[in-house]
Amino acid sequence: MKTLKDVKIGETAVVAKLNGEGATKRRIMDMGITKGVSIYVRKVAPLGDPIEVTVRGYELSLRKEDAAMIDVKEEN
């Protein structure tokens, strides 16, 4: 399955599943990233880390390792 890390700049994806355990998963959910929410990839830093996204109307930067824990599907 495709992860948020694989989504290209300018694309929008929908969260299908959150992987990870305990505090890491809770932190991702506390940022507003939950199943079914749309995420728009705004920018990626030159070395690929971090990734800047728009979620629920606000901008957020995610580490590449956190983005790899978020399974996504194409937005319809």
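Residues numbered from 1 in each chain as written. Predicted model: local features only at pLDDT ≥ 70, side-chain atom pairs only at ≥ 80, totals over all residues. Heavy atoms only, no water.

Quick notes on the sheet that holds strand β5 (residues 70-74)
The strands that make up a sheet are held in pairs by hydrogen bonds between backbone atoms, and each pair lies either parallel or antiparallel. Here we have five strands laid out as an open sheet, ordered β4-β3-β2-β1-β5, and antiparallel in their pairing. If you trace the sheet from one side to the other, it starts and ends with β4 (58-62) and β5, each paired once. Ignoring which end each strand starts from, the neighbouring axes of this sheet average 45° apart. Pairing geometry for strand β1 (residues 12-18) and β5, over five bridges, is antiparallel. Bridge pairing in β5 places K17 opposite D71. (Pairing = 2+ DSSP bridges. Helix = DSSP H or I, 4+ residues; strand = E, 2+ residues; numbered from the N terminus. Axes fitted to C-alpha atoms, helices over the stretch in contact; angles between N-to-C directions.)

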